[in-house]
Amino acid sequence: NIEVNPKGEKGATIQKDVTNRIGTVIVPPTLIGQIEFVLNGKIFTLIHTHPKSTFPMFSWSDVNVLYELQKMTSNINHLNGLDSFLLVCKDNNNVYQTYAIVFNNEGINTLDLIFNSPMYQGMKPSEIAKEMDIKLKKKFIKAEKNGTFDYAKAFLEQFSGSNVSLYKASSNLDNWSRLQINSATNNTMEIPCEQ
């Protein structure tokens, strides 16, 4: 979809049916802008593309989608803890990358703190996320201007101290690494996940 649809997104949901079989439902692509997912209690993973016309990293709005997904599945024990949101994109070298975000048990739930802040009283979480997207976009632009193109670092800085974790798949999609900022070097590092 990235090559065919340079300004839109495509996606899919992964869910369990009543017999616990896992299935995939393709979401209609957009021609411009962000894809809309219709969430229900059966979905536990979402996947989407970002077009070349946007940043090759998750947005704040994407994290909000994961937040909404987790709220939908939090009462379903067999799905608890499996919620994730995947992104397929092309980096600045035209190489496909696959990332995932999840909420872990570390840190604080940044989203609850922000969504419940008196500063945003009366605003919907999706509206707040769009405001936060502007701040994150500035970090992405800074990564471009300084020549590092380290969008993962910009994303991690935005969610520092929170319970949002960022993962990256290997090029052949058979291994994952957790991305973190190395406190000694201030660079992004990959920590391989256990098999």
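Residues numbered from 1 in each chain as written. Predicted model: local features only at pLDDT ≥ 70, side-chain atom pairs only at ≥ 80, totals over all residues. Heavy atoms only, no water.

Novice: Teacher, can you tell me more about the pairing of strand 8 (residues 188-192) here?
Specialist: Bridge count between strand 7 (residues 176-181) and strand 8: five bridges; the pairing is antiparallel. Following the sheet pairing, Arg178 is matched in strand 8 by Ile191. Counting the residues between successive antiparallel strands, the hairpin from strand 7 to strand 8 contains six residues, one of them, Asn186, with a positive phi of roughly 60°. (Pairing = 2+ DSSP bridges. Helix = DSSP H or I, 4+ residues; strand = E, 2+ residues; numbered from the N terminus.)

Novice: Just to check I follow, could you spell out the packing of aromatic side chains for this structure?
Specialist: The geometry of an aromatic ring pair comes down to the distance between the two centres and the angle between the two planes. Under the defined criterion, the tally for this structure stands at ten aromatic pairs. Relative to Phe140, the ring of Phe55 has its centre 5.0 Å away and its plane inclined at 45°; by these criteria the two rings are tilted. With Phe55 in the loop between strand 3 (43-49) and helix 1 (60-73) and Phe140 in helix 3 (residues 125-145), this pair connects stretches of sequence that are 85 residues apart. Like Phe140, Phe55 is buried. Among the aromatic residues, those joined into a ring-pair cluster are Phe37, Phe58, Trp60, Tyr67, Phe85, Phe115, Phe155 and Phe159. (Phe/Tyr/Trp six-rings, centres within 6.5 Å; stacked < 30°, edge-to-face > 60°. Buried < 20%, exposed > 50% of the residue type's maximum accessible area, 1.4 Å probe, protein only.)

Novice: It is not clear to me how the nonpolar core should be interpreted in this structure. Could you clarify?
Specialist: Proteins that are soluble and globular tend to have nonpolar side chains buried together. With 39 residues, the main nonpolar core has Met57, Phe58, Trp60, Phe155 and Leu166 as its most contacted residues. At the level of elements, strand 3, helix 1, strand 4 (84-90), strand 5 (96-103), helix 2 (110-115), helix 3, helix 4 (151-158) and strand 6 (164-169) are the ones that each hand at least two residues to this core. (Core = buried A, V, L, I, M, F, W, Y, C linked by side-chain atoms within 4.5 Å.)

Novice: Any chance you could explain the sheet that holds strand 5 here in plain terms?
Specialist: Note on sheets: strands pair through backbone hydrogen bonds, and any given pair is parallel or antiparallel. Sheet architecture is open: eight strands sit in the order 2-1-3-4-5-6-7-8, paired in mixed fashion. Edge positions in the sheet fall to strand 2 (22-27) and strand 8, since each has one partner strand and no second. Ignoring strand direction, the axes of neighbouring strands in this sheet form an average angle of 25°. Looking at chain direction, strand 6 and strand 7 are connected through four bridges and run antiparallel. Looking at the pairing, Ala169 lines up with Trp176 of strand 7. Helix 4 rests against strand 5, strand 6, strand 7 and strand 8 of the sheet, and its axis sits at about 65° to strand 7. (Axes fitted to C-alpha atoms, helices over the stretch in contact; angles between N-to-C directions. Contact = heavy atoms within 4.5 Å.)

Novice: Explanation requested: the pattern of salt bridges in the structure shown.
Specialist: Under the defined criterion, the tally for this structure stands at three salt bridges. Of the charged contacts in the structure, one is a salt bridge between Glu68 and Lys71, with a shortest N-O distance of 3.4 Å. Taken as a pair, Glu68 and Lys71 lie in helix 1 at a separation of three residues, close to a single helical turn. Judged by relative accessible area, which is 44%, Lys71 ranks as partly exposed. Between Glu190 and Lys168 there is a salt bridge, and its shortest N-O distance comes to 3.7 Å. With a gap of 22 residues between them, Glu190 in strand 8 and Lys168 in strand 6 connect regions that are remote in the sequence. Look at Glu190 and you get partly exposed, because its relative accessible area is 46%. Judged by relative accessible area, which is 19%, Lys168 ranks as buried. (Salt bridge = Lys/Arg side-chain N within 4 Å of Asp/Glu carboxyl O.)

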